[in-house]
Amino acid sequence: MAHADIACHLGGQSWLLAGADQRVGVVRVRGLRLEARAVNDEDRVPGIAELDARDPRVGAWTQARASNPALHDGPIWSVDSAAVEPHSVLEVVLRPDRYWRLALGAREPEVAAVRLLGVKACIVGNDRNSEPHVLIARRAHWVRAYPGQWEICPAGGVDCGPDLLRGERPPAGGTASGLPTAILRTLDREMREELALERADRLMDEQVIAAAFDDHAASLDAIIGATWRGVVDPRRGLCDSSACGPGGAGESEYSDLAWVARDDLPGFVRRHSAAISAVTRAVWLALGWIEEADAGAAKS
């Protein structure tokens, strides 16, 4: 499904950022509802290992993995349709798919309709002077989309499983975020894998604030705003513990982390626009943190 096919169903404000090979649309929303489309056995997408070895898609996958050994096949949610309903609730209908089809989308026209359901956190923390800062990370050179560019973080594809689409139950002594369990579990996973932190220990007030339709990454991303627990020290990086930040076992998808003062974002974008992912610039624009002239964007 092309960007325009989804964007035409959206209400409210949206923006487009055009690049050599990327188009991004962002719309502000206040809620998220996920629904899985029933799929029978005939429509089930096989794993890459289930295909005949002579299938040209297997050869294309082998070539892709030779270029990026980090690629691995697995179940994903692909977006069938998306629309902003009354009260600014984003309704998304999903179908189960496989990651190999997403990875080969640019090479194989017949699988180009795969659009990953993803999550990106937009984390804000205050320094000792109560000045808000935004957490960003530089993507590693080997990742599928936006290699070497800065983005809001963490981010990742949503875990696949129909039982994860319901809303989270209110915890004892507190109130529920209202986010589907799949969204929260994805944030949990990405916080651990990419930041070596526990979401519940470091974040609070998580809520969906926007949706991003990214043709370059072939994704629909739920943008989750969150507040950092405690005081941030931009001079020391992510936190004051040597255990924080990417590292340890395996390669992280991030090569660097930084806190940027929210008031400094316009200048930061003007100086480093080409090094910041289009979806991150579009989100900051939608939130009113930067201007169109800063982002190089055209309002739609």
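Residues numbered from 1 in each chain as written. Predicted model: local features only at pLDDT ≥ 70, side-chain atom pairs only at ≥ 80, totals over all residues. Heavy atoms only, no water.

Visitor: Please give an account of the packing of aromatic side chains that cites residues and values.
Guide: Enumeration over the complete set of coordinates arrives at one aromatic pair. Taking the centre distance of 5.4 Å and the plane angle of 75° together, the rings of W228 and W259 count as edge-to-face. Residue W228 is found in strand 11 (residues 219-231), and its partner W259 is found in strand 12 (residues 254-261); the two are separated by 31 residues along the sequence. A relative accessible area of 4% places W228 in the buried class. (Phe/Tyr/Trp six-rings, centres within 6.5 Å; stacked < 30°, edge-to-face > 60°. Helix = DSSP H or I, 4+ residues; strand = E, 2+ residues; numbered from the N terminus. Buried < 20%, exposed > 50% of the residue type's maximum accessible area, 1.4 Å probe, protein only.)

Visitor: Give a detailed account of the environment of D73, specifying residues and quantitative values.
Guide: Its location among the elements puts D73 in the loop between helix 2 (56-67) and strand 4 (75-85). Once you skip the residues sitting within four places of it in the chain, D73 turns out to touch G47, I48, W61, R98, Y99 and W100. Within the local environment of D73, its side chain forms a polar contact with the backbone nitrogen of W100, the two atoms lying 3.1 Å apart. (Contact = heavy atoms within 4.5 Å. Polar contact = N/O pair within 3.5 Å; in protein donor to acceptor, adjacent residues only side chain to side chain.)

Visitor: Give a detailed account of the pattern of salt bridges, specifying residues and quantitative values.
Guide: Taken as a whole and assessed by the stated rule, the structure comprises 15 salt bridges. Its salt-bridge partner being E91, residue R33 comes within 2.3 Å of it at the nearest N-O pair. A residue pair is termed long-range when its members are at least 10 positions apart, and R33 in strand 3 (residues 31-36) and E91 in strand 5 (residues 89-98) qualify at 58 residues. We classify E91 as partly exposed; its relative accessible area is 24%. Among the salt bridges present, the one from D55 reaches R57, with a minimum N-O distance of 2.7 Å. Residues joined in a network through salt bridges with shared partners are D80, R95, D97 and R101. (Salt bridge = Lys/Arg side-chain N within 4 Å of Asp/Glu carboxyl O.)

Visitor: Summarise the nonpolar core; cite the residues concerned and give the values.
Guide: Grouped together as the largest cluster of nonpolar side chains are 41 residues, with contacts concentrated most on L32, L90, V92, L117, I123, I183 and I224. For this core, the element with the most residues is helix 4 (residues 181-195), which contributes six residues. (Core = buried A, V, L, I, M, F, W, Y, C linked by side-chain atoms within 4.5 Å.)

Visitor: Can you lay out helix 4 for me, pointing to particular residues and giving the numbers?
Guide: An ideal rise of 1.5 Å per residue puts 21 Å on 15 residues; helix 4 measures up with 20 Å between its terminal C-alpha atoms. Among the 15 residues that make up helix 4, eleven are buried, leaving the element largely enclosed by the rest of the structure. Taken together, the buried positions of helix 4 are occupied by T181, A182, I183, L184, T186, L187, D188, E190, M191, E194 and L195. Residue A196 follows helix 4 closely and has a positive phi angle near 55°. (Expected span 1.5 Å × (residues − 1).)

Visitor: Can you explain the environment of A82? Please cite residues and give values.
Guide: Tracing the sequence through the fold places A82 in strand 4. The spacing of A82 and L34 is 48 residues in sequence and 9.5 Å in space, taken between C-alpha atoms.

Visitor: Give me the environment of R98: which residues, what numbers.
Guide: With respect to the helices and strands, the residue R98 is situated in strand 5. For the pair R98 and V45, spaced 53 residues apart in sequence, the C-alpha separation works out to 6.6 Å. Apart from the residues lying within four places of it in its own chain, the contact partners of R98 are V45, P46, G47, D73, G74, P75 and I76.

From the geometry alone we can't say anything about function, so treat these as descriptive.
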